[in-house]
Amino acid sequence: MAGPAPTPDRKQPVRPPPADGFGDGPPRGVWLLLGAIAGAKLATLTVVLWLSWSPEAGLLAAVTVWHWLPLAAALLAGPVLFRVRLRRVRARREALRRAEWLLPETAGAEMVAGVGATLPRVDT
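Residues numbered from 1 in each chain as written. Predicted model: local features only at pLDDT ≥ 70, side-chain atom pairs only at ≥ 80, totals over all residues. Heavy atoms only, no water.

Caption draft 1: The arrangement of helix H3 (residues 69–100) in detail. Between its terminal C-alpha atoms H3 stretches 46 Å, which fits the 46 Å expected from 32 residues at 1.5 Å a residue. Taking the largest bend as the criterion, H3 deviates by roughly 30°, centred on Ala77, and proline Pro79 comes between one and four positions later. Following H3 by one or two positions, Leu102 has its phi on the positive side, about 55°. (Helix = DSSP H or I, 4+ residues; strand = E, 2+ residues; numbered from the N terminus. Expected span 1.5 Å × (residues − 1). Bend = angle between axes of the 7 residues up to and from the residue.)

In structure tokens:
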């Protein structure tokens, strides 16, 4: 017996959208604007240094661009920290899985049928 049959009067609850509009992250327009600003800044810097390569031009570029570096670092820190945390969480989950099933530390993807069981190797 699979359980009670679904009835037409019982519907799945629908989750309402957030009332304040927050929670989905910044809209695409914000990222587009930030990308356009950063791209224009990099393009201008590249053109200036390419057309006038001298110590004075390099110093002028460094003086006028240094305040953008913390913003760039802050924008790049989020995805980098997310990936670092994701790798740590996946490694911890794998360690817990190995401990639960008493798998050796060196077991690879070939151990799928059970503890200690391996699939035969097929060399092609």
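Caption draft 2: Looking closely at a nonpolar patch on the surface. Together, Trp31, Leu71 and Leu75 line one region of the surface with nonpolar side chains, adding up to about 290 Å² of accessible area. Along the polypeptide, Trp31 turns up in helix H1 (residues 28–51). With a relative accessible area of 49%, Trp31 lands in the partly exposed category. (Patch = residues over 30% accessible without salt bridge, like charges linked within 9 Å, V, L, I, M, F, W, Y side chains within 5 Å. Areas by Shrake-Rupley, 256 points an atom, 1.4 Å probe, with all protein chains shown as cover. Salt bridge = Lys/Arg side-chain N within 4 Å of Asp/Glu carboxyl O. Buried < 20%, exposed > 50% of the residue type's maximum accessible area, 1.4 Å probe, protein only.)

Caption draft 3: Molecular detail of the layout of surface pockets. If you add up the space inside the largest pocket, you get close to 250 Å³. What lines the largest pocket is simply Leu34, Ile37, Ala38, Lys41, Leu42, Leu45, Val65, Trp68, Leu69, Leu71, Ala72 and Leu75. Where the lining of the largest pocket is concerned, the elements lending two or more residues are H1 and H3. Ranked by residue count, the leading element in the lining of the largest pocket is H1, at 6 residues. Its residues assigned to classes, the lining of the largest pocket comprises 11 nonpolar, no polar and 1 charged. (1 Å grid on protein atoms, 1.4 Å probe; cavity = no way out; pocket = protein on both sides within 12 Å on 5 of 7 lines; lining within 4 Å. Points joined across faces, edges and corners; volume = space filled by probe spheres on them. Nonpolar A, V, L, I, M, F, W, Y, C, P; charged D, E, K, R; others polar.)

Caption draft 4: Region of the structure containing the pattern of salt bridges. Under the defined criterion, the tally for this structure stands at 2 salt bridges. Taking the shortest distance from any N to any O, the salt bridge between Glu94 and Arg97 comes out at 2.6 Å. Separated by 3 residues within a single helix, Glu94 and Arg97 lie in helix H3, roughly one turn from each other. Taking the relative accessible area as the measure of exposure, Arg97 reaches 36% and is therefore partly exposed. Between Glu94 and Arg98 there is a salt bridge whose closest N-O contact spans 3.3 Å. Residue Glu94 and its partner Arg98 are both found in helix H3; the two are separated by 4 residues, about one turn of the helix. On the basis of relative accessibility, which here comes to 29%, the residue Glu94 falls in the partly exposed class.

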